Amino acid sequence: MMKPVSGHTQLYAVLGHPIGHSLSPVMHNAAMEALGMDALYLAMDAPPDRLMPILQALAAHRFGGVNLTIPLKEVAFENLARLDESAELLGAVNTVVFADEGPCGYNTDGYGFLAAVRDDLDLSTKDRNILVVGAGGAGRAVALVCAREGAASVTVSDLDEYRAENVVQDIHRLKRVEQADTAVGEDALRAAARTADLIVQATPIGMKPDDPSLLPADAFHAGQAVFDLIYMYPETAFLREAAAAGARTAAGLGMLMHQGARAFELWTGVQPPLEVMRDALAKAVYT
Ligand code: NAP
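Right, let's walk through the structure included here. All figures in this text were calculated on a predicted structure; none of them were measured in a lab.

Some points on the sheet that holds strand E2 (residues 39-45)
Spatially, 6 strands are ordered E2-E1-E3-E5-E6-E4 in an open sheet, and the strand pairing comes out mixed. Each of the sheet's edge strands pairs with one partner strand only, and the pair in question is E2 and strand E4 (82-83). Bridge count between strand E1 (residues 10-16) and E2: 7 bridges; the pairing is parallel. Note on E2: the bridge partner recorded for Ala-13 is Leu-42. Helix H3 (residues 72-79) contacts E1, strand E3 (65-68) and E4 of the sheet and is inclined by roughly 120 degrees relative to E3.

Below you can see the structure in the form of structure tokens.
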């Protein structure tokens, strides 16, 4: 049944360009409905060069808050006058809070990753040896929050050595970990996997159902934890190989849920029902 909407309904939105694919409305509307809130979460297209006037208009319309997705995260980082340290760390904004002093940019992706690793793998990244495979936007965010949280070491692997090296330099600038290095090429990746306590898969390999695993089972071992950022399947080939070797594994749905939950909390001051959000996402992506 269609949700009743009135002039009192509090509006929220995710902005992107394009925006059709976003799963944020599914999880936020499920949480708002479960809490009995008179609220609605929309998905809206926003071309990058129109982002700032659109944010101004949504603030004037008293929107409760906004999420940003590709390609707007960096545009907001460049243009918002106020940024939380989470956005400063990652150089990108995925959540905007409309405050009296003006809009403020946050980034909840790092929080989402750490919370998912804690909940789904029962692991804290502090004092651990972390291997991140993939140095794009998501891999960079994961590597930087692991460094900020005091990992023992962070190793970054990517097909593009220059991209991996850039992330390692950003980690060194934080001055939080003793050891940060790249692992480029098959042998270096296998060697880094051998000594890692947590291996994070942050490439798009695995998004297609027949994508191969980037590492074979004998590259993993029992006692390790392995997290795949891909959220459209409960298990990717990467996680299957890791599980076959006895490693603990988790897919990316929990990260998607926790980054959304943190945004919800920033806007409303209310902790949303996590299981409701997780179930809504799982139903949308797995069925
Ligand atoms: P991206 O910007 O495309 O970055 C992926 C990086 O991985 C690129 O540098 C890419 O290099 C590299 N790569 C590709 N194949 C590789 C291989 N075989 N070995 C090593 N590196 C390889 O993507 P992204 O935005 O960071 O996202 C990465 C994945 O995380 C996606 O699957 C996305 O859906 C997922 N994600 C999940 C969440 C969540 O909440 N769970 C959040 C964000 C992202 P090239 O460019 O040279 O190919």
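Observations concerning the layout of surface pockets
By volume, the largest pocket is sized at about 1600 Å³. Ile-70, Gly-137, Ala-138, Ala-202 and Leu-229 are, among the 47 residues lining the largest pocket, the residues nearest its centre. Breaking the lining of the largest pocket down by element, the ones donating at least two residues are E3, H3, helix H6 (137-148), helix H8 (186-195) and helix H10 (253-268). Looking at the lining of the largest pocket element by element, the count peaks at 4 residues for H6.

Thoughts on the side chain of Ser-157
Along the polypeptide, Ser-157 turns up in strand E8 (residues 153-157). The class for Ser-157 is buried, based on a relative accessible area of 5%. From its side chain, Ser-157 meets the backbone oxygen of Ala-183 in a polar contact 2.7 Å long. For Ser-157, the residues in contact, after removing those within four places along its chain, are Leu-131, Val-132, Val-133, Gly-134, Ala-135, Ala-183 and Leu-189.

Regarding the pattern of salt bridges
Per the stated rule, a full pass over the model turns up 12 salt bridges. When the shortest N-O distance is used, the salt bridge between Glu-85 and Arg-148 registers 3.5 Å. In this pair, Glu-85 sits in helix H4 (residues 85-90) while Arg-148 sits in helix H6, placing the two residues 63 residues apart along the sequence. Across the pair Lys-126 and Asp-127 runs a salt bridge whose closest N-O atoms are separated by 4.0 Å. Residue Lys-126 is classed as partly exposed on the basis of its relative accessible area, which comes to 47%.

Considerations on the site of the ligand
Among the 20 residues in the neighbourhood of the ligand, the closest are listed as Ala-138, Asp-158, Arg-163, Leu-229 and Gly-252. Leu-159 is positioned such that a nitrogen or oxygen atom in its backbone is 3.3 Å from a nitrogen atom of the ligand. In this structure, Gly-252 approaches the ligand through a main-chain N or O atom, which is 3.1 Å from a nitrogen atom. Considered on its own, the ligand offers 920 Å² of accessible surface; in the complex 72% of this is hidden by protein. Of all elements in the fold, only H6 and H10 reach the threshold of two or more residues within the shell around the ligand. Within the shell around the ligand, the residues separate by chemical class into 13 nonpolar, 5 polar and 2 charged.

Rules used in this analysis
- Residues numbered from 1 in each chain as written.
- Predicted model: local features only at pLDDT ≥ 70, side-chain atom pairs only at ≥ 80, totals over all residues.
- Heavy atoms only, no water.
- Pairing = 2+ DSSP bridges.
- Helix = DSSP H or I, 4+ residues; strand = E, 2+ residues; numbered from the N terminus.
- Contact = heavy atoms within 4.5 Å.
- Axes fitted to C-alpha atoms, helices over the stretch in contact; angles between N-to-C directions.
- 1 Å grid on protein atoms, 1.4 Å probe; cavity = no way out; pocket = protein on both sides within 12 Å on 5 of 7 lines; lining within 4 Å.
- Points joined across faces, edges and corners; volume = space filled by probe spheres on them.
- Buried < 20%, exposed > 50% of the residue type's maximum accessible area, 1.4 Å probe, protein only.
- Polar contact = N/O pair within 3.5 Å; in protein donor to acceptor, adjacent residues only side chain to side chain.
- Salt bridge = Lys/Arg side-chain N within 4 Å of Asp/Glu carboxyl O.
- Near = heavy atom within 4 Å.
- Areas by Shrake-Rupley, 256 points an atom, 1.4 Å probe, with all protein chains shown as cover.
- Nonpolar A, V, L, I, M, F, W, Y, C, P; charged D, E, K, R; others polar.

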